[in-house]
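# Overview (structure and organization)
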Amino acid sequence: MDTASSSSWCACSTCSWCACSTCSWISVGVGSTIGAGVYVLVGTVAREHSGPALTLSFLIAGIAAALSAFCYAELASRCPSAGSAYHYSYICVGEGVAWLIGWALILEYTIGGSAVARGISPNLALFFGGPDSLPWILARHEIPWLDVVIDPCAAFLVFLVTGLLCVGIKESSFVQGVVTVLNCFVMLFVIIAGSYIGFQTGWVGYKVAGGFFPYGANGMLAGSATVFFAYIGFDSVASTAEEVKNPQRDLPLGIGTALSICCSLYMLVSVVIVGLVPYFAMDPDTPISSAFARHGMHWAMYVVTTGAVLALCSTLMGSILPQPRILMAMARDGLLPSFFCDVHEKTQVPVKSTILTGICAAALAFFMDVSQLAGMVSVGTLLAFTIVAVSILILRYVPPDEVPLPSSLQASFRLSQENDEEKLRDTLQDEDHEQGTSEISDVVIESVMDPLIEKQLYASKLDETKRRKTAACSIASVCIGVLVLTTSASATFLPFLVRCFVCAFGGLLLLTGLGVLCWIDQDDGRHSFGHSGGFICPFVPLLPVMCILINTYLLINLGGGTWMRVGVWLVMGVFVYIFYGRTHSSLTDVVYVPVAQANEIYGSASSSGFVA
C-alpha cells in the first residue's frame, strides 16, 4: 500500500501562504455550496417527487451530506494539504486510486465551472428587459455552419474570476464572502417576505388534497437524492488547507458551519415557497419569483434574480478555486509536470495552474452547451465522498506504518542511520572494555534475553498483524458488499428473485464486515498519524460505512450515458498515468521509514531551516 506523499507531513504553521480566518473559510464553503440549485430545484423536486414534504427532503439530504462532511473534517485537520480527496486517498489507499480521484475531480471542476458560467448570462439578461436583451458583445450568437451557440458573457466571467483568484487567496475569499453575504440577504428576504404573505393568505400550499406526502415516503426519499447535489461544494474548503492559519480548528469549523448554514437556509426557503403555492402549480424554472408574482409582488422577481446571479458567481468562484490546488498536489507527487506546482512568490498562489484552469473553463463555456455534460460533475464529487469515507476506515484500523521519505530528506535519513550505527558500535566497545557490570545491568540484560519475554513480544506482534489483516479484509468486505447491494437493488431489469438473492448476498457481506470492524480494536497508530488534536469523526465505523452506502447508491443511479462519458475520461487518465505519471512518480526514488522516524526527521529538518 502506498502511503503519504511528502506534502502530507508539512506542518501548516510553517507554510508561507497560510492567510485567512475561520470566517473566510465559512464564506468559501457557503458560497461554493449555495448555487442556483435552490432557485430551481425547489420547484422541480416539489412538483415531481416530494410535494409539501420538500423540507424533509432537504433535511435528509443535509444529513447525508453531513456524513461526508464529518469524514472530510477529520482528514482535513489531520493532513492539511492541497488536493483534498486526492491527497487523502494518496495517503490511505494508494497512488493509482488517488490518480483516478484527482483526474475525476479535474473533470468535475472544469465542467461544473463552465456550466455555472453558461447559466449566468440568461439571468443577467432579465435586467436588460428579457432573455435576449444583453448587449451584442455579451449576447449569445449561433454559428450556423457549425451548429454552435457561443456565449461571450460566460467566457468573460470565467476570465474575470480567474484574474481575481490570481491576485491572492485573501482578496478572492473576501470578494466571495461579500457576494455570499449578499446572496444570504436575498434568501432571508425570500424567507421573511414569503412568511408574511403566507400568514396573510393562510399557507394555501399546505392545504392541498394529497396531504403532506402526496407521493409517499418513496417520493420524499427520491427528492432527497435529487437535492443532495445542492450540498456539494464544501470540499472546496478542504482543497485550500495549506492556506489556513490553524487547520486543526478552522477546517472542521468551516466545513461544519458552512453545511449547517446551507441546510438551514434551504429548509426555510422550501418551507415558505411550498406554503405559498400548491406544489402542482409551481413553475419548475422560476419557482421563487413566480410564487411572489402570483401574490402581486412582481418587483420581487428582480430581487430573486439578483440572488440567482450572485449565487452563480459565488459558485463559479468555488468551482475554479480548488482545481489549481489539486493540479499542484498531483504535480508535487510527480504525476503531472512541475509546471503545475509553481507558486507565485508575491501572491503565494499557483498562478500558472489557475490561468490554465481558467482558459480551459472559459473555452468550454464559450463554445459548448455543457448542460448535457452536467451529470458528469456528480461522478467526481460522489467518487471523492466515497473514497474519503474509505480513507477514514483505513486510517482508524490499518493506518500506514511506514511513509515515503522524499529525496530531499534522504541525506538526513542516511546521516541519522550512520549516527545510530556509530552510537551502537561505541556502546559495544565500551561494554567489551568494562569487566564488571552492576547487578541492575545484569537484571536488565537477563530480562531482555529472557525467552519468556521474547515469546510474549513475538505473540503480541503476531496478534497485531492478525488484527490488521482482519481489519483490511473487513473493509474490503464492506466495500464489495456495498457495491453488490446497490448494483443489484438498482438493476430493475433482473428477475425479482435474482435481485433479492444478490441483494441478500451483498447485505450479508456488508453486515459481516461492519460487525467485525465493530468487534475488533482500532489501531493505536491512528493517534500519531498526521497532525493530532484536530476534529475526530464520531461513530466509526458506522458513520463512514453509511456514507459509502449512500454515495455508492447515488453513483450507481446516475445513468448509463453519464458513466459512458465519464468512462472515456477515466480511460484517458489511465493512459496518462501509465505513460507519464507512473514513470515520473515521486515514489520511485523514496525510502520508506517508520512514521515515528519520519516525524523525527521532519522535525529536525524544520528546526534547522531545511524545507522539504
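Being a predicted model, the structure only gives us computed values, none of them experimental.

## Quick word on the overall build of the protein chain
Assigned secondary structure in the protein chain consists of 22 helices and 4 strands. The long-range fraction of contacts in the protein chain, counting pairs at least 24 apart against all pairs at least 6 apart in sequence, stands at 86%. When the accessible area of the protein chain is evaluated, it comes to approximately 27300 Å², of which 67% is carbon and sulfur surface.

## Structural notes on the pattern of salt bridges
Scanning the entire structure with this criterion turns up 8 salt bridges. The salt bridge partner of D342 is K352, with a shortest N-O separation of 3.0 Å. A residue pair is termed long-range when its members are at least 10 positions apart, and D342 in the loop between α13 (322–332) and α14 (351–367) and K352 in helix α14 qualify at 10 residues. The class for K352 is partly exposed, based on a relative accessible area of 40%.

## Focus on the packing of aromatic side chains
Evaluated as defined, the whole model comprises 22 aromatic pairs. Between W99 and W103, the aromatic rings sit 5.3 Å apart at their centres with planes inclined by 20 degrees, giving stacked as the arrangement. With W99 and W103 both in helix α5 (residues 95–125), this residue pair falls 4 residues apart, about one helical turn. Residue class for W103 comes out buried when judged on its relative accessible area of 10%. Plain terms: the ring middles of Y231 and Y266 are 5.2 Å apart, the flat faces sit at 80 degrees to each other, and that makes the pair edge-to-face. Taken as a pair, Y231 in the loop between α8 (216–227) and α9 (235–239) and Y266 in helix α10 (residues 247–276) lie far apart in primary sequence, 35 residues in all. Accessibility classification places Y231 together with Y266 in one group, the buried group. Site record: aromatic cluster; members linked through ring pairs are F199, W203, Y206, F212 and F213.

## Comments concerning the nonpolar core
One finds Y39, Y72, F228, Y266, I273 and L316 to be the most contacted residues of the largest nonpolar core, which totals 149 residues. A per-element tally of this core places helix α15 (residues 375–397) first, with 15 residues. If we skip the residues at most four places from it in the chain, L316 touches G113, V116, A117, I120, L157, V158 and V161.

## Some thoughts on empty space enclosed by the protein
Overall, the coordinates contain 1 cavity of 30 Å³ or more when judged by the stated rule. The wall of the largest cavity is formed by W25, V28, L165, I169, S172, S173, Q176, M317 and L321. Partitioning the lining of the largest cavity into residue classes produces 6 nonpolar, 3 polar and no charged.

## A few points about the confidence of the model for the protein chain
Summary statistics for the protein chain give a mean pLDDT of 81 and a share of 81% for residues scoring 70 or more. Mean pLDDT values for the elements of the protein chain range from 46 in helix α17 (residues 439–448) up to 95 in helix α19 (residues 496–519). In this model, residues 435–449 is a region of pLDDT below 50 whose contacts with residues beyond four sequence positions or in other chains number 4 contacts. Of the regions scoring below 50 in pLDDT, residues 606–612 engages in 7 contacts with residues more than four places distant in sequence or in other chains.

Procedures and definitions
- Residues numbered from 1 in each chain as written.
- Predicted model: local features only at pLDDT ≥ 70, side-chain atom pairs only at ≥ 80, totals over all residues.
- Heavy atoms only, no water.
- Helix = DSSP H or I, 4+ residues; strand = E, 2+ residues; numbered from the N terminus.
- Contact = heavy atoms within 4.5 Å.
- Areas by Shrake-Rupley, 256 points an atom, 1.4 Å probe, with all protein chains shown as cover.
- Salt bridge = Lys/Arg side-chain N within 4 Å of Asp/Glu carboxyl O.
- Buried < 20%, exposed > 50% of the residue type's maximum accessible area, 1.4 Å probe, protein only.
- Phe/Tyr/Trp six-rings, centres within 6.5 Å; stacked < 30°, edge-to-face > 60°.
- Core = buried A, V, L, I, M, F, W, Y, C linked by side-chain atoms within 4.5 Å.
- 1 Å grid on protein atoms, 1.4 Å probe; cavity = no way out; pocket = protein on both sides within 12 Å on 5 of 7 lines; lining within 4 Å.
- Points joined across faces, edges and corners; volume = space filled by probe spheres on them.
- Nonpolar A, V, L, I, M, F, W, Y, C, P; charged D, E, K, R; others polar.
- pLDDT = per-residue confidence, 0-100.

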